[in-house]
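These are the residues of each chain, in order.
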Amino acid sequence: MMMMGLVKWVNLFIMFHLFAATKPIMASSDSSKFLNLAKEPRVFDWMVEIRRKIHENPELGYEEFKTSELVRTELDKLGIPYKYPVAITGVVAFIGTKKPPFVAVRADMDALPMQELVEWEHKSKVNGKMHACGHDAHVAMLLGAAKILKEHEKDIQGTVVLVFQPAEEGGGGAKEILNAGALDNVSAIFGLHVAPKLPIGTVASRSGSFFAGSGFFEAVISGKGGHAAIPQHSIDPILAASNVIVSLQHIISREADPLDSQVVTVAKFQGGGAFNVIPDSVTIGGTFRAFSTESFMQLRQRIEQVITKQASVQRCNATVSFLDNKTFFPPTVNHAELHDYFQSVAGSVLGDDKVTDIQPLMGSEDFSFYQQVIPGYFFLLGMENPAVEHLESPHSPHFKVNEDALPYGAALHASLAANYLVKIHQDSPVVVKEKHHDEL
Ligand SMILES: [Zn+2]
Ligand SMILES: [Zn+2]
């Protein structure tokens, strides 16, 4: 009985590895075909035009009404059905059999509340708003992928779900897309971000923790105000807050594992307005980051303890809030199996030498919300052409997109999605059949 079981297990193991070793059948031929298609002027120029239109009319999180309308107009022209509205301005479109398996590809649509300082023909027409994170390019690339995939719809072995998501910049739009149930039967999700410091035609990513989890905190430290020359009649919240800030730095330097990177930064300190008055209270605030949910929750707990207890040493009271719903992003953790898959597909689209591993980054991405419930993979898409110019970092008022990167993003989206459906059929044909009745 035990031997039988073992033999069966070994067979299964061999079967699994046979499948795992199989290159996706569309990969080598169709992937380079997708890139060539995306570079054709009718696709490339169209993406550039869309990106520039969105760039001229930047909209903040959950206000992407014109952007969303533009997306729907283009989808209508392409004959691609979609759900709208999803999470206020979001659009979720479908290409393929409209049956399982489902694989999703995501683009974020929102701009930032900042003034563009780049002088060019298609500069932002809205004062105080700018696409300084490249989400205009992300939308154009996902539409590019839609166009390419639609032309190959008969070859798609399932359904590609295109997610045009609102409010990535601190609004948690990904969470709202999930709450709307728009991705309930999706087997995997892919997303990308343009990267100004990576060479054009390359991609970079890693398996496991990629971006940090991020949270914000704010604390009010209350004492008793009074004359600055008679401190014995007051309880000084400025001194208490100063001690709190120093103690907060000991969490990272003395309590956290040095090999588990974390950050606590107090970036806000408000209190007092006169040279000779001790104020009643001080407000401090900041951000904390970690690469695992455990470290993140530990940080959160210790920040609260240190603030309240250290304030009490100076006879002050403190209240701490973490503004959770709006500002907490989990760590972005790439699925290990999807990492191998991504390297294989990206290698066949771009060439194996154009696919690199990268160190984790302390920034954060709301793509992480998807990864909490769906196997997900996020990667960076290079834009830099040093022969032309060096590009500024995202969120700079001088940020620029190298539009030559658009075809690479579109082709990668299309290849990752189409091949993944092929891979699902290869890996588990029975499961695919059984799930026949699932609808999105
Ligand atoms: Zn951003
Ligand atoms: Zn961004």
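Not measured: the values here are computed from a predicted model.

What counts as what
Residues numbered from 1 in each chain as written. Chains lettered and ligands numbered in written order. Predicted model: local features only at pLDDT ≥ 70, side-chain atom pairs only at ≥ 80, totals over all residues. Helix = DSSP H or I, 4+ residues; strand = E, 2+ residues; numbered from the N terminus. Buried ≥ 20, exposed ≤ 12 C-beta atoms within 10 Å, placed from the backbone. Pairing = 2+ DSSP bridges. Axes fitted to C-alpha atoms, helices over the stretch in contact; angles between N-to-C directions. Contact = placed C-beta atoms within 7 Å. Parallel < 35°, antiparallel > 145°, perpendicular 65-115°, else oblique. Left-handed = near helix turned anticlockwise from the far one by under 90°. Nonpolar A, V, L, I, M, F, W, Y, C, P; charged D, E, K, R; others polar. Expected span 1.5 Å × (residues − 1). pLDDT = per-residue confidence, 0-100.

Assigned secondary structure in the chain consists of 13 helices and 16 strands. Looking at the chain as a whole, 46% of its 440 residues are labelled buried.

Residue Pro85 is reached from Tyr84 by a cis peptide bond, and omega for that bond is -5°. Mapped onto the elements of the fold, Pro85 is located in strand 1 (residues 82-86). In this structure, His395 takes a positive phi of about 75° despite not being glycine. Relative to the elements of secondary structure, His395 occurs in the loop between strand 16 (376-384) and helix 12 (406-427). Owing to 13 C-beta atoms within 10 Å, His395 belongs among the partly exposed residues under this scheme.

Turning to the sheet that holds strand 1, a few remarks are in order. In spatial order, the strands read 1-2-4-3-5-16-6-15; together these 8 strands make up an open sheet with mixed pairing. A strand with exactly one partner marks an edge of an open sheet, and here the two such strands are strand 1 and strand 15 (355-357). Strand-to-strand twist of the sheet, defined as the mean angle between neighbouring strand axes without regard to direction, takes the value 25°. Bridge analysis of strand 3 (residues 102-108) against strand 5 (residues 186-199) gives 5 bridges, and the strand direction is parallel. When the bridges of strand 5 are listed, Ala104 appears paired with Ile189. Strands in contact with helix 4 (residues 65-78) are strand 1, strand 2 (90-96) and strand 4 (159-165); relative to strand 2, the strand with the most contacts, it is inclined by about 20°. Along the sheet, helix 5 (residues 135-151) makes contact with strand 2, strand 3, strand 4 and strand 5, crossing strand 3 at roughly 145°.

With antiparallel pairing, 4 strands are arranged side by side in an open sheet as 10-12-8-13. In this open sheet, the two strands that pair with only one neighbour each are strand 10 (262-270) and strand 13 (317-321). Ignoring which end each strand starts from, the neighbouring axes of this sheet average 20° apart. Relative to strand 12 (residues 281-290), strand 8 (residues 213-222) runs antiparallel, the two sharing 10 bridges. Bridging from a neighbouring strand, Phe216 pairs with Thr287 of strand 12. Against the sheet, helix 7 (residues 237-255) engages strand 8, strand 10 and strand 12, with an angle of about 170° to strand 10.

Look at helix 3 (residues 41-56) against helix 4: their axes get within 10 Å of each other, and the N-to-C directions meet at 160°. Comparing the axis directions of helix 3 and helix 4 gives the class roughly antiparallel. Between helix 3 and helix 4 the crossing geometry is right-handed. Where helix 3 abuts helix 4, its residues Ile50, Lys53 and Ile54 lie against Thr67, Leu70 and Glu74. Here the residues of the contact of helix 3 with helix 4 sort into 3 nonpolar, 1 polar and 2 charged.

Turning our attention to the environment of Phe369. Assignment of secondary structure puts Phe369 in helix 11 (residues 367-373). Phe369 gets classed as buried once you count the C-beta atoms within 10 Å, which come to 23. In this structure the C-alpha to C-alpha distance between Phe369 and Phe329, which are 40 residues apart in sequence, comes to 7.3 Å. When sequence neighbours within four positions are dropped, the list of residues in contact with Phe369 reads Gly172, Ala174, Lys175, Leu178 and Pro330.

With that settled, the discussion passes to the packing of helix 3 against helix 12. Contact geometry for helix 3 and helix 12: axes closest at 10 Å, N-to-C directions at 105°. One finds that helix 3 runs roughly perpendicular with respect to helix 12. Taken together, the residues of helix 12 that come into contact with helix 3 (itself represented by Phe44, Met47, Val48 and Arg51) are Leu406, Pro407 and Ala410. Taken together, the residues of the contact of helix 3 with helix 12 break down into 6 nonpolar, no polar and 1 charged.

Along strand 8, 7 of the 10 residues are buried, which leaves the element largely enclosed by surrounding structure. Alignment of strand 8 against strand 13, held across 5 bridges, turns out to be antiparallel. Bridge pairing links Ser222 to Asn317 in strand 13.

In this model helix 5 runs 25 Å from its N-terminal to its C-terminal C-alpha over 17 residues, within 8% of the 24 Å that 1.5 Å per residue would give. Burial runs high along helix 5: 15 of the 17 residues are buried.

Here we come to the environment of Ser124. Inspection of the secondary structure puts Ser124 in the loop between strand 3 and helix 5. A tally of 21 C-beta atoms within 10 Å means that Ser124 is categorised as buried. Distance in space between the C-alpha atoms of Ser124 and Asn57 is 6.1 Å, their sequence separation being 67 residues.

A low pLDDT score tells you not to read the predicted coordinates there in detail. Confidence in the prediction for the chain averages 92 pLDDT; 90% of positions are at 70 or higher. Here residues 1-25 scores under 50 on pLDDT; set against residues more than four positions off or in separate chains, the count is 11 contacts.

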